[in-house]
Amino acid sequence: MAATKPRLNVALIGYAFMGRAHSNAYQQVNRFFPDCPYEVVRKVLVGRTAGPLAEAAKTWGWEETSTDIDAVLARDDIDLVDVATSNDSHHAITMKALKAGKHVFCEKPLALNTAQAREMKAAADKAKVRVGLWHNYRRSPAASTAAQLIRDGKIGEVRQVRGVYLQDWLWDDSCPATWRMTEKVCGSGAHGDLNAHLIDMTRFLTQLEFDEVSGLRETFTKKRRNANGKGMVTVDVDDALIFLARLSNGAIASFEATRVAPGRKNYNRIEINGSKGTIVWNFERMNELEFFSFEDDGPVQGFHTIMCMNGAVHPYAGNYWPDGHIIGYEHTFTNTVADFLTALKTKAPFRPDFADGVANQEVLDASLESAKSHKWVKVEKSQKFAKEKATKTAAKKAGITG
Ligand SMILES: NC(=O)c1ccc[n+]([C@@H]2O[C@H](COP(=O)([O-])OP(=O)(O)OC[C@H]3O[C@@H](n4cnc5c(N)ncnc54)[C@H](O)[C@@H]3O)[C@@H](O)[C@H]2O)c1
């Protein structure tokens, strides 16, 4: 008889967009990752409104529901707390969960600001539990392959990074305000929502840190009607924020996040130019990489497209379908859970962790400060990171950990 795996009981806080994405990942991980060291149990779904909470739990297969976070955190049978709520609650829920000795998997951005993020990191270190951050895009097969190719020197020394994350859902002035438009609930607008992903992807792909930044922000629609129908809300966060950066090896970079670029739905694209090649990942074509190398023979030199769905060499691809049968957004979350649980069991590092969350927040805050002061701002770097080694082997065998 096959040995049974230890069960890992999850409490998920929040059941809307990310609550659904995470629920799906917990549901799928044991099916697509037979080596996952735990049997994941969707134990308790936590929310604030009983009716829709019960409906969500039924849809996504959660055993129980609760509207009382404290009671859930007090339970001995909860191993992992997943924070999938709006940004203003990440700090409070995480601090309580850490105090209760739970492992914590938190949505991005880690916190509302750097001070909160640093407190969360310090508390996690003290609690001696494992923590992770849901920057799921890292774990698309193509993005993980890009990281490996860059680590293996395929594009040479990184010189320029160009990241854009463009959406259009706020193009219409009549679109109502949500929590994503009020600073005390979200921290910042498109910046914390979208640039946070670009910052994480840059750090993941290049293993470089941000030294200094110069930001420019705009809020085009300054008041929006309240979604609850009660009056108007002053929008005090950016609709769009652009920033320039100098990275730790001297490379230069530009980033642009917006929610008002008509026609752009979730256009998350990053281009890395090195001393001998270029690599491009674009979420809207998330299974592919564009790759150019001056090392290719003259007549065939040019951009070519790598379909990163060869299970023998591309991370995660082999966990799903036969080669070339592409995967999507939701799989990046499943891949993230699989890696987190493996790291939990093996005690290997898991990235991004709260140190990465702090580093990310430091860049977010420096760019906001720069946009306010109209001056370049040095990024206060409180974290140190070891570089992962180049492998010179196929990406899958490299065992990219994040
Ligand atoms: N990784 C990604 O790609 C990605 C994508 C979208 C959102 N996010 C992040 O995920 C988080 C959630 O975003 P979302 O899009 O799911 O938002 P959402 O508005 O769809 O859902 C947030 C839910 O949290 C609940 N909530 C808020 N405060 C709570 C509290 N104190 N206790 C219990 N429930 C609470 C709300 O009622 C709501 O149901 C945010 O931090 C966001 O930045 C990440």
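Numbering of residues begins from 1 in every chain and follows the order in which that chain's sequence is written. It should be noted that, the model being predicted, local features are given only for residues of pLDDT at least 70 and side-chain atom pairs only at 80 or more, the latter also being counted only at that level, while totals for whole chains, interfaces and linings use all residues. In computing side-chain values, all of the structure's heavy atoms are included and hydrogens and water are not.

J.: Any chance you could explain the overall build of the chain here in plain terms?
T.: To qualify as a helix, a DSSP run of H or I must reach at least 4 residues; to qualify as a strand, a run of E must reach at least 2; elements of each kind are numbered from the N terminus. When helices and strands are counted, the chain shows 11 helices and 17 strands. Over its C-alpha atoms, taken along the principal directions, the chain stretches across nearly 65 × 65 × 40 Å. Look at the contacts in the chain between residues 6 or more apart in sequence, and 71% of them connect residues 24 or more apart. Per-residue accessibility takes into account occlusion by the displayed protein chains alone, with areas from the Shrake-Rupley method and a 1.4 Å probe. Just so you have it, the chain exposes about 17700 Å², and 53% of that area is on carbon and sulfur atoms. In the chain, the 53 positive side-chain charges and the 48 negative ones have mean positions that sit 2 Å from each other. Contacts: residue pairs with any heavy atoms within 4.5 Å of one another. In summary, the charge assignment counts Lys and Arg as positive and Asp and Glu as negative, without counting His or the chain termini. Every charge is mapped to an atom, namely NZ of Lys, CZ of Arg, CG of Asp or CD of Glu.

J.: For this particular structure, what's the right way to read the site of the ligand?
T.: By nearness alone, 21 residues border the ligand, and Met18, Asn87, Lys108, Trp179 and Arg180 come closest of all. Pairs of N or O atoms within 3.5 Å make up the polar contacts considered here, provided that, within protein, one atom can donate a hydrogen while the other can accept it, and that residues adjacent in sequence are counted only when both atoms are side-chain atoms. The side chain of tryptophan 179 places a nitrogen or oxygen atom 2.8 Å from an oxygen atom of the ligand. The separation between an oxygen atom of the ligand and a polar side-chain atom of histidine 197 is 3.3 Å. Bound to the protein, the ligand loses 85% of the 850 Å² it would expose on its own. A cutoff of 4 Å decides nearness: a residue is near a molecule or strand if any of its heavy atoms lies inside that distance of it.

J.: Explanation requested: the domain arrangement of the chain in the structure shown.
T.: Frequently, the measure chosen for interface size is the accessible area removed from exposure when the parts meet. The start and end points of each domain follow an automatic or database-based domain assignment. Considered domain by domain, the chain is made up of domain 1 (7-136) and domain 2 (141-328 + 352-398). The centre of domain 1, based on its C-alpha atoms, is set 24 Å off from the matching centre of domain 2. Every contact between the two is made by 26 residues of domain 1 and, on the other side, 29 residues of domain 2. When domain 1 packs against domain 2, the two sides together hide about 2300 Å² of surface, and 63% of this comes from carbon and sulfur. Accessible surface is computed with a 1.4 Å probe, and the buried area is the amount of it that two parts give up when combined, taken over both parts together. Of all residues in domain 1, Phe32, Arg118 and His135 bury the most surface against domain 2, accounting for 27% of the area lost on that side. The salt bridge definition used is simple: a Lys or Arg side-chain nitrogen within 4 Å of an Asp or Glu carboxyl oxygen. Applying the counting criterion to the domain 1 and domain 2 interface returns three salt bridges. Notably, a salt bridge pairs lysine 108 with aspartate 193, separated by 3.6 Å at the nearest N-O pair. Those elements that place two or more of their residues in the side of domain 1 that touches domain 2 are α4 (90-99), β5 (103-106), α5 (114-127) and β6 (131-133).

J.: What should I look at first to understand the sheet that holds strand β17 (residues 377-378) in this one?
T.: Spatially, nine strands are ordered β16-β15-β14-β13-β7-β12-β11-β8-β17 in an open sheet, and the strand pairing comes out mixed. Looking along the sheet, the strands with just one partner apiece sit at the ends: β16 (304-307) and β17. Strands were regarded as paired on the criterion that DSSP finds at least two bridges between them. Bridge count for strand β7 (residues 158-166) against strand β13 (residues 267-274) is eight bridges, and the pairing is antiparallel. Looking at β13, one finds that arginine 162 is bridged to glutamate 271. To obtain each axis, a line is fitted to C-alpha atoms, and for helices this fit is confined to the stretch in contact; angles are then taken between N-to-C directions over 0 to 180 degrees. Where helix α8 (residues 190-206) meets the sheet, it contacts β7, β8 (210-218), β11 (240-247), β12 (252-258), β13 and β14 (277-282), and its direction lies at approximately 150° from that of β12. Those strands touched by helix α10 (residues 354-373) are β8, β11 and β17, and its axis lies near 55° from that of β8.

J.: I tried to follow the pairing of β8 on my own but got confused; where do I start?
T.: Side-chain direction in a regular strand flips from residue to residue, so the side chains alternate between the two faces of the sheet. As defined by bridge partners, β8 adjoins β11 across eight bridges and the pair is classed as antiparallel. Following the sheet pairing, serine 214 is matched in β11 by leucine 244.

J.: In this structure, what is going on with the confidence of the model for the chain? I would like to understand it.
T.: Reading fine detail from the predicted coordinates is not recommended where pLDDT is low. The predictor attaches a confidence to each residue, and that confidence, scored 0 to 100, is pLDDT. A residue-level look at the chain finds 96% of positions with pLDDT of 70 or above and a mean pLDDT of 95. Below a pLDDT of 50 lies the segment residues 392-402, which in the model reaches 30 contacts outside its immediate sequence neighbourhood of four places, other chains included.

J.: How do you make sense of the packing of α4 against α5 when you look at a structure like this?
T.: For any two helices packed against each other, the geometry is given by the interaxial angle and the distance between the axes. Put simply, α4 and α5 touch, their axes get as near as 10 Å, and they point 10° apart. When the interaxial angle is binned, α4 and α5 end up roughly parallel. Contacts between α4 and α5 involve His90, His91, Thr94, Met95 and Leu98 from the former and Gln116, Glu119, Met120, Ala123, Ala124 and Ala127 from the latter. Gly counts as polar in this scheme, as do all residues outside two lists: the nonpolar Ala, Val, Leu, Ile, Met, Phe, Trp, Tyr, Cys and Pro, and the charged Asp, Glu, Lys and Arg. Looking at the contact of α4 with α5, its residues break down into six nonpolar, four polar and one charged. An angle below 35 degrees is treated as roughly parallel, one above 145 as roughly antiparallel, one from 65 to 115 as roughly perpendicular, and anything else as oblique.

J.: I keep staring at the pattern of salt bridges and nothing clicks. Help me out?
T.: Here the idea is simple: oppositely charged side chains can pair when their charged atoms come close. Per the counting criterion, the structure on display carries 24 salt bridges. Connected through salt bridges with shared partners, the residues Lys108, Arg180, Asp193 and Arg259 form a single ionic network.

J.: Just to check I follow, could you spell out the side chain of histidine 314 for this structure?
T.: Among the structural elements, histidine 314 can be located in the loop between β16 and α9 (329-346). For histidine 314, the side chain forms a polar contact with the main-chain nitrogen of methionine 309, separated by 3.4 Å.

J.: Honestly, the environment of leucine 133 in this entry has me stumped. Any pointers?
T.: Tracing the sequence through the fold places leucine 133 in strand β6. Of the residues examined, leucine 133 reaches a relative accessible area of 1% and is grouped as buried. Expressed as a C-alpha distance, the spacing of leucine 133 and proline 299, which sit 166 residues apart in the sequence, is 44 Å. Dropping the residues within four chain positions of it, leucine 133 is found in contact with Phe105, Cys106, Glu107, Lys108, Leu110, Phe350, Pro352, Asp353 and Gly357. Per-residue accessibility, obtained with a 1.4 Å probe over protein chains only, is compared with the maximum for each type, and a residue is labelled buried under 20%, exposed over 50%, and partly exposed between these values.

J.: Just to check I follow, could you spell out the sheet that holds strand β4 (residues 80-83) for this structure?
T.: Adjacent strands of a sheet form backbone hydrogen bonds with each other and so pair up, either parallel or antiparallel. In spatial order, the strands read β3-β2-β1-β4-β5-β6; together these six strands make up an open sheet with parallel pairing. Single-partner strands in this sheet number two, and they are β3 (64-66) and β6. In this sheet, neighbouring strand axes are inclined to one another by 25° on average, regardless of whether the strands run parallel or antiparallel. For strand β2 (residues 39-46) and β3, the ladder comprises three bridges, and the chain directions are parallel. When the sheet's bridge partners are listed, leucine 45 is paired in β3 with threonine 65.

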